[in-house]
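So the chains spell out like this:
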Amino acid sequence: SQQGEEDPQALSIQEGENATMNCSYKTSINNLQWYRQNSGRGLVHLILIRSNEREKHSGRLRVTLDTSKKSSSLLITASRAADTASYFCATDVGGAQKLVFGQGTRLTINP
Amino acid sequence: GAVVSQHPSWVICKSGTSVKIECRSLDFQATTMFWYRQFPKQSLMLMATSNEGSKATYEQGVEKDKFLINHASLTLSTLTVTSAHPEDSSFYICSAVVSGANVLTFGAGSRLTVL
């Protein structure tokens, strides 16, 4: 069964705006990861946040983690058309990098 | 960086035939690989964990006789969809664990269409 639920399922914004995606999960985790998938392609790892971390930055990406609410958010600042993709959160529920993915958010950046 | 190659990237086959998809770690050894299935506009569903030199571990609801997984070397895992049917049409993605890292490296995926 899916561990993560993401919202919104789809998000369309103008280039230059910020995009925020949310992820909720059900069980305890060691870490939470965000991946990006361009249409019809494999996944690319974006960022990992450990359960003892609350916020992490990487370039234009900012991830937060609230273990008390079992939720995480991914913020993409100053969006670009090339950011158009699906974004998935993933949690390690079985150890050894066995990940369970959320439903994903389809992000469209309009030029 | 670590690269995982998946082949073929797309395949069309007739119903009843078997299709083999390869997943290779190009510049690292992968004792563990994972196979996912993804339907259009949906998330990835873990099918099985492929372990080098031992039997794969299948997720609940995945038919092991239908989806044969072989991980005979530290750089290659194969997924064979046996007696494929149209409902097996999907996007199959593999990933590998880079030793010492907490992240997965994914292949580009293989799109299977069964006519």
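Keep in mind the model is a prediction, meaning the values are calculated, not measured.

Colleague: So what about the interface of chain B and chain A? Which residues, and what values?
Modeller: Facing the 21 residues of chain B at the interface are 20 residues of chain A. Overall, the association of chain B and chain A removes approximately 1,700 Å² of surface from exposure, summing both partners, and the carbon and sulfur fraction of that is 55%. Joining chain B to chain A, the criterion identifies zero salt bridges. In this assembly, chain B and chain A are joined by four residue pairs in polar contact (both at pLDDT 80 or more). Of the residues that constitute the side of chain B that touches chain A, the class distribution is 13 nonpolar, five polar and three charged.

Colleague: Could you give an account of the side chain of Ser-72 of chain A, naming the residues involved and the relevant values?
Modeller: Residue and element names in this part refer to chain A. Among the structural elements, Ser-72 can be located in strand β8 (residues 71-76). A distance of 3.2 Å separates the side chain of Ser-72 from the side chain of Trp-34, its partner in a polar contact. Excluding residues that lie within four positions of it along the chain, Ser-72 makes contacts with Met-21, Asn-22, Cys-23, Leu-32, Trp-34, Val-63, Thr-64 and Leu-65.

Colleague: With reference to specific residues and values, describe the side chain of Gln-6 of chain B.
Modeller: Residues and elements named next belong to chain B. Here Gln-6 is to be found in strand β1 (residues 4-7). Gln-6 sits in the buried class, given a relative accessible area of 10%. A distance of 3.1 Å separates a polar side-chain atom of Gln-6 from the backbone nitrogen of Cys-94. A polar atom in the side chain of Gln-6 sits 3.2 Å from the backbone nitrogen of Gly-109.

Colleague: Before we move on, could you go through the packing of aromatic side chains and cite the residues and values that matter?
Modeller: Tallying each qualifying case throughout the model produces seven aromatic pairs over all chains. An angle of 85° between the planes, with centres 6.5 Å apart, marks the rings of Phe-88 of chain A and Phe-101 of chain A as edge-to-face. In this pair, Phe-88 of chain A sits in strand β9 (residues 85-92) while Phe-101 of chain A sits in strand β10 (residues 99-101), placing the two residues 13 residues apart along the sequence. Of the residues examined, Phe-88 of chain A reaches a relative accessible area of 3% and is grouped as buried. With a centroid separation of 5.5 Å and 85° between ring planes, the pair formed by Phe-101 of chain A and Tyr-36 of chain B is classed as edge-to-face. Of the two residues, Phe-101 of chain A sits in strand β10 while Tyr-36 of chain B sits in strand β4 (residues 32-38), which places them in two different chains. Judged on exposure class, the residue Phe-101 of chain A and its partner Tyr-36 of chain B are both buried. Members of the aromatic cluster, each reached through a chain of ring pairs, are Tyr-35, Phe-88 and Phe-101 of chain A together with Tyr-36 and Phe-106 of chain B.

Quick notes on the rules
Just so you know, the residues in each chain are numbered from 1, in the order the chain's sequence is written. For naming, the first written chain is A and the first written ligand is 1, with later ones following in the order written. Only residues with pLDDT of at least 70 get local features here, since the model is predicted, and only at 80 or more are side-chain atom pairs given and counted; chain-wide, interface and lining totals rely on the full set of residues. Think of the side-chain values as coming from all heavy atoms in the structure, minus any hydrogens and water. Residues are treated as being in contact if the distance between any of their heavy atoms lies within 4.5 Å. Summed over both partners, the accessible area lost on bringing two parts together, with a 1.4 Å probe, is the buried area. We define a salt bridge as a contact between a side-chain nitrogen of Lys or Arg and a carboxyl oxygen of Asp or Glu at a distance within 4 Å. Distance and chemistry together define a polar contact, namely a pair of N or O atoms within 3.5 Å, with one atom able to donate a hydrogen and the other to accept it when in protein, and with adjacent residues in sequence counting only for side-chain atoms on both sides. Following the grouping adopted for this structure description, the nonpolar residues are Ala, Val, Leu, Ile, Met, Phe, Trp, Tyr, Cys and Pro, the charged ones are Asp, Glu, Lys and Arg, and the polar ones are all others, Gly among them. Labels follow the DSSP assignment, with helices taken as runs of H or I lasting at least four residues and strands as runs of E lasting at least two, numbered in each case from the N terminus. Relative accessibility thresholds used throughout: buried, under 20% of the residue-type maximum; exposed, over 50%; partly exposed, between the two (1.4 Å probe, protein chains only). What counts as a ring pair is set by centres within 6.5 Å for rings of Phe, Tyr and Trp (its six-membered ring), and what kind of pair is set by the plane angle: stacked under 30 degrees, edge-to-face over 60, tilted for all other angles.

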